[in-house]
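Examination of the molecular architecture
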Amino acid sequence: KEVSEDSVYLCTGQPVPADVKQIMHFLFNDSFEDAYTGVLDIQTSCGVALIDVVRAVHAEVLTYNMPPMVFAKLLEELADLEYRLTTATAEKIQLGSLVAMVWGARKGMTPAK
């Protein structure tokens, strides 16, 4: 059997880069409900834990260009979320937290009307 990039990601339980891009699209472009459902669907279909999603999102956010205060707040919240996921917490509730924190960042990146 051939060893591919996707098979390595799947074998280690990490989200594949295409899924990470889709998750980022959900989080930064879709409604709260659609983002929540989209990320949950990817988690379920690929067998990926939320902590692995958060780590991938964290790494991807580092490449984004956003206002410094928004960037710092989002990184802090992602770190707090990652910590919470190492304790006994409900993943579905923490997924809601992930979507909410990105929504806060989205609001901070749009000009006030």
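Structure report, in brief. (Residues numbered from 1 in each chain as written. Predicted model: local features only at pLDDT ≥ 70, side-chain atom pairs only at ≥ 80, totals over all residues. Heavy atoms only, no water.)

1. Some words on the packing of helix α2 (residues 17-29) against helix α3 (residues 32-46)
The geometry of α2 relative to α3 is characterised by a closest axis approach of 8 Å and an angle of 160° between their N-to-C directions. The angle between α2 and α3 places the two elements in the roughly antiparallel class. Crossing of α2 against α3: the hand is left-handed. Of the residues in α3, those in contact with Asp 19, Gln 22, Ile 23, Phe 26 and Leu 27 of α2 are Ala 35, Gly 38, Val 39, Ile 42 and Cys 46. Classifying every residue of the contact of α2 with α3 by side-chain character gives seven nonpolar, two polar and one charged. (Axes fitted to C-alpha atoms, helices over the stretch in contact; angles between N-to-C directions. Helix = DSSP H or I, 4+ residues; strand = E, 2+ residues; numbered from the N terminus. Parallel < 35°, antiparallel > 145°, perpendicular 65-115°, else oblique. Left-handed = near helix turned anticlockwise from the far one by under 90°. Contact = heavy atoms within 4.5 Å. Nonpolar A, V, L, I, M, F, W, Y, C, P; charged D, E, K, R; others polar.)

2. Digging into the environment of Tyr 9
Along the chain, Tyr 9 turns up in helix α1 (residues 5-12). According to the relative accessible area criterion, Tyr 9 is partly exposed, its value standing at 28%. Beyond its immediate sequence surroundings of up to four residues, Tyr 9 is in contact with Gln 14, Pro 15, Val 16 and Pro 17. (Buried < 20%, exposed > 50% of the residue type's maximum accessible area, 1.4 Å probe, protein only.)

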